[in-house]
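Architecture at a glance
The primary structure of each chain is shown beneath.
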Amino acid sequence: MSTSTSVTRENNILGDACRLTPHRGCLHCGTKVLGSSAFCCQGCEFVFGLLEKSGLSQYYDLRSASANSISFRPIVAGSDQYSYLDDPEFLKEFSIDNDYRRMDFYLEGIQCVACLWLIEKLPVLVDGVISAELDFGRSTVSVHMSDTGQFSLVAQTLDRLGYRPHPIQKDSDSERFLQKENRVWLVRMGVAGACTGNIMLLAVSIYGGVQGYWEEVFRWVSLALFLPVATFCAIPFYKSALSALRGRALSIDVPISMAIILGSVVSVVHTIQGSDHVYYDSLAALVFLLLATRYLLRRIQQSAMGRVHLLRFLAPASARLWNAATSSTREILTKLLKSGDIIAVDTDCSVPVDGVVVSGQSAVNNSLLTGESFPQKVAMGDEVFAGTLNEGERILVKVESTGINTRLGKILDELENRTQKKAPIVEAADRFSQWFLWTVLLSATAVLIFTPHFADGLNRALAMMIVTCPCALALATPLTMSLSLQRAASAGILIKDPTTIERLSQLKSVVLDKTGTITTGHFEVTSWINNSKDAESFQFLKKVFLGLESRSKHPIAKSIVRNLKNEGIENSVEIAEWKESIGSGVKGKVNGQHFEVKAVIDASQSGGITTRVGLFRNQDCLLIAELSDKVREDTFQTLKSLNDLSLEISILSGDSQQVVDVIQSELQPYVAEALGSKDPLMKKEYIKKKHLSLMVGDGANDALALAVAPVSAAVHGSMEVSLRAADVYLSTPGIQPVYDLIVLSRKSMATIYRNFGFSLFYNLVGGIAAATGHITPLMAAVLMPLSAFTVFVSSLVGARKLVRS
Amino acid sequence: MTILALLLPLALFLALTFVGAFVWASLQGQYDDLETPAQRILLEEDMRKETRS
């Protein structure tokens, strides 16, 4: 290897370019544009033109009015024709009503009110659309079509506008069931709230000293108002208590149900007897508050889960069926493919099936399956697998298996089974409440038995039941949990299940996947080596490099072109006699001189982390581009922060040990262990042995490990696959959210334990006072909401701290 | 105090009416999506007619 005369970091060059060329924003997306064009790409230009033509350019005013912090991306329109959407067979499964004129789509990229406005203007943009209604929270649009309209046109338009549509299968019974349950729950809450308010008004009069006839009437009216609360509204507690008892366990709902039932019975008896010991107001308030907190938790959990749920109903991808007679393709649902069919897989499309290449040469990125970041060459006769990405040219593939019979499908199938078998973790609140509930029940019984007079004993036992009603557990824990979930969701972290928070707070170690997790997963130019002996301009050589590479479809070439264009290098060099030979590089003539771009083979570098591509003139190497899968910028800082939390960090990778060693040395001293050449099964075995560890990974090759790990997080870019296995989905790239997540969970648990401490103290004092007859049930009923209020405030203060962090 | 004989049933009737309205609205699904309609109402409605003509 010749000595390098100058090594320039990419950043410096970028800086230079910025100073040389003034930047303007693309008219559609605001991305920096170099040169005289008003748009950054054709996609943006098309959208701008379309909106202008249809009189919808108000969109831009709306957007600038509403979006402050949202960044817009250039439009990357797919080439899909979506013709399968008009297939009667498809409509039968996916349309919402029976005459096939309604369909729901999940849309990517819904951001602000301008999107809402634009999408609901679909009737203007597409002929035949009667109405389009967007659900902002779920990012779904419901399209109603006239008899003549075509759904494929709707999907194409949405795609061009930058909202990639995914049809949602109508058969989502669980979804509809959930919706119905939410509505009924809301009704319960409303009824309980209204009745509680009215009972309280009457109770104020009673406490205020209403006497005689009206006192009696007020009590009976309170009873009437209380009946729906004790029956209809409290049903969820009874149900859950019953199912807990059937499972021979105590849940928080058991004492709640007992308190409600016992309190109601005693109150009704007292009402009939004309005595003034009735507790309708406090019992109704208890039911209302419990319903309200649980409803809150439900909604927050569901909105976090919403997107995850929707993915299950997404349509399977389409494929392009190859017609050999006409040399053309036609879109077809992957599901309808049979083995033996020939399909075409274009550049940058993922392979939809397992099969064998029958024509064409290309490079396929297998990272989803194997974790290898380097694309592999495939040619006729080679096998390709579903879920891998074609980074080279179009290939024709003979279908061998589809759906769950593919390698990816089998992994996913195994996952679903495994996730269900995951050992249930006992929550802190559950453990605490089990112990607490037994104590309360036993002491209440003891008080009832050992107090000399039965009536007095009943009063004391009831006072005790009410005063020790586990509000801290029943109200504060879900409240803290839901606030944490919400906080996480607003930071782009989706948590599937609140119990995850507790597990996260107990972590001892973090296991990270390499490709795509701590690195970007893409090859980028890390440095340039200028070898030219004469004073040839660095910029000129780069222009030649760009000119030669820009016509190649090789993934490495594309990456170099992207990097050069980002630096502001213009593709202005005339290339003559351009020629690409697969496997060896490209050649061309510039100003009569022969140039060649090819890989630089260097024995000392083989198997290493970097790839070198050189620009040659007459066998003289003039310029070398070094490419590698770069470590993300935030990784180092995050690892340091994680280390500060005294977590042990290790790296697992499917890449070779050599590559992993380089990464480890780069991230010294924070990585305790770095293991390479691990296939999915080995990863799974490794993680099984790790006690209290968090697995962070992506892709199907990590999915098995994610499923068996005590806690697992899937990083950006692998939603479909990893979410089935992981507990947490990080929708922003990089591992910084992992740190935030752990801090958040620790703080939440601290708040919960503080609440436990408080309620334990309160219940101990109150319980003893009640057992010794110092507190009447009436006083207990006043104290109960007081304690609940304290715990409530404590949770909110805890949550405020979380927000500040 | 006899006025209570009129006021109490009246108050209860009023409460019942509102609870009934709430139950009806909930079951109709008016509270399913709280986000979108709040945004939608801020947008102009005239656009569609203009472009159709």
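These remarks concern the structure in this document. Every value quoted in this text rests on a predicted model; they were computed, and no experiment measured them.

**With respect to the overall build of chain A**
Secondary structure summary: chain A contains 28 helices and 29 strands in total. A burial count over chain A gives 53% of its 805 residues as buried. Counting contacts in chain A only where the partners sit at least 6 residues apart, residues at least 24 apart contribute 68% of the total. In the structure as shown, chain A presents an accessible area of about 36,000 Å², 57% of it carried by carbon and sulfur atoms.

**As for the packing of aromatic side chains**
Summed over all chains, the structure comprises 8 aromatic pairs over all chains. Pairing Tyr213 of chain A with Trp214 of chain A gives two aromatic rings, centres 5.4 Å apart and planes at 70 degrees, and the pair type is edge-to-face. Its relative accessible area of 14% is what places Trp214 of chain A among the buried residues. Considering the side-chain rings of Phe22 of chain B and Tyr31 of chain B, the 5.5 Å spacing of their centres and the 45 degrees angle between planes classify their relative orientation as tilted. Ring pairs connect the aromatic residues Tyr213, Trp214 and Phe218 of chain A, which therefore count as one cluster.

**Re the sheet that holds strand β6 (residues 140-145) of chain A**
Residues and elements named next belong to chain A. Taken together, 4 strands build an open sheet; the order of strands is β5-β6-β4-β7 and the sheet is antiparallel. Every other strand in the sheet has two partners, leaving β5 (129-135) and β7 (165-167) as the edge strands with one partner each. Shown here is a sheet whose adjacent strand axes are inclined to one another by a mean of 30 degrees, direction ignored. Pairing geometry for strand β4 (residues 102-107) and β6, over 5 bridges, is antiparallel. What sits directly across from Asp104, in β6, is Ser142. Contacts between helix α7 (residues 151-160) and the sheet are confined to β4, β5, β6 and β7, with β4 contributing the most and set at about 20 degrees to the helix.

**Side note on the interface of chain B and chain A**
At the junction of the two partners, chain B supplies 26 residues and chain A supplies 33 residues. When chain B packs against chain A, close to 2,600 Å² is buried across both sides, 67% of that on carbon and sulfur atoms. Linking chain B with chain A are 1 salt bridge. Two residues, Asp32 of chain B and Arg183 of chain A, come together in a salt bridge whose shortest N-O distance is 2.5 Å. Where chain B packs against chain A, one counts 2 residue pairs in polar contact (both at pLDDT 80 or more). Contributing elements (two or more residues each) for the side of chain B that touches chain A: α1 (4-28), α2 (36-40) and α3 (47-52) of chain B. Taken together, the residues of the side of chain B that touches chain A break down into 13 nonpolar, 6 polar and 7 charged.

**What about the sheet that holds strand β15 (residues 389-390) of chain A?**
Residues and elements named next belong to chain A. What the 3 strands build is an open sheet, ordered β13-β12-β15; its pairing is antiparallel. Each edge of the open sheet is held by one strand with a lone partner, namely β13 (376-378) and β15. Taken together, the 2 bridges between strand β12 (residues 362-365) and β15 define a ladder with antiparallel strand orientation. When the bridges of β15 are listed, Val364 appears paired with Asn390.

**What to know about helix α23 (residues 657-666) of chain A**
Among the residues of α23 of chain A, Val659, Val660, Ile663 and Gln664 of chain A are the ones counted as buried. Taken end-on, α23 of chain A shows its buried residues confined to a sector of 140 degrees, consistent with a single buried face.

**Details of the side chain of Ser509 of chain A**
Residues and elements named next belong to chain A. Structurally, Ser509 is set in strand β18 (residues 509-513). Residue Ser509 is classed as buried on the basis of its relative accessible area of 4%. Residue contacts for Ser509: discarding those within four places in its chain leaves Leu647, Glu648, Lys690, His691, Leu692, Ser693 and Leu694.

**Quick word on unusual backbone geometry**
All names here are of chain A. Unusually for a residue other than glycine, Glu577 sits at a positive phi of about 55 degrees. On the secondary structure map, Glu577 appears in strand β20 (residues 576-581). Note on Glu577: relative accessible area 54%, which makes it exposed. The residue Asn591 is not glycine, and still its phi comes out positive at about 50 degrees. Residue position: Asn591 is located in the loop between β21 (585-590) and β22 (593-599).

**Quick look at the side chain of Gln664 of chain A**
Residue and element names in this part refer to chain A. You can see Gln664 is positioned in helix α23. Taking the relative accessible area as the measure of exposure, Gln664 reaches 16% and is therefore buried. Other than its neighbours up to four places away in sequence, Gln664 contacts Val671, Ala672, Glu673 and Ala674.

**Quick word on the pattern of salt bridges**
Residue and element names in this part refer to chain A. Summed over the entire model, instances satisfying the criterion amount to 8 salt bridges over all chains. One salt bridge in this structure joins Asp346 and Arg394, with 2.6 Å as the shortest N-O distance. A residue pair is termed long-range when its members are at least 10 positions apart, and Asp346 in the loop between β10 (342-345) and β11 (354-359) and Arg394 in the loop between β15 and β16 (395-401) qualify at 48 residues. Between Asp644 and Lys640 there is a salt bridge, with its nearest N and O atoms 3.9 Å apart. Taken together, the positions of Asp644 and Lys640, both in helix α22 (residues 635-644) and 4 residues apart, correspond to about one turn of that helix. The exposure class of Lys640 is partly exposed, given its relative accessible area of 32%. Linked by salt bridges that have partners in common, Glu215, Glu216 and Arg219 make up one network.

About the cut-offs
Residues numbered from 1 in each chain as written. Chains lettered and ligands numbered in written order. Predicted model: local features only at pLDDT ≥ 70, side-chain atom pairs only at ≥ 80, totals over all residues. Heavy atoms only, no water. Helix = DSSP H or I, 4+ residues; strand = E, 2+ residues; numbered from the N terminus. Buried < 20%, exposed > 50% of the residue type's maximum accessible area, 1.4 Å probe, protein only. Contact = heavy atoms within 4.5 Å. Areas by Shrake-Rupley, 256 points an atom, 1.4 Å probe, with all protein chains shown as cover. Phe/Tyr/Trp six-rings, centres within 6.5 Å; stacked < 30°, edge-to-face > 60°. Pairing = 2+ DSSP bridges. Axes fitted to C-alpha atoms, helices over the stretch in contact; angles between N-to-C directions. Buried area = accessible area lost by both parts, 1.4 Å probe. Salt bridge = Lys/Arg side-chain N within 4 Å of Asp/Glu carboxyl O. Polar contact = N/O pair within 3.5 Å; in protein donor to acceptor, adjacent residues only side chain to side chain. Nonpolar A, V, L, I, M, F, W, Y, C, P; charged D, E, K, R; others polar. Arc of directions from axis to C-beta.

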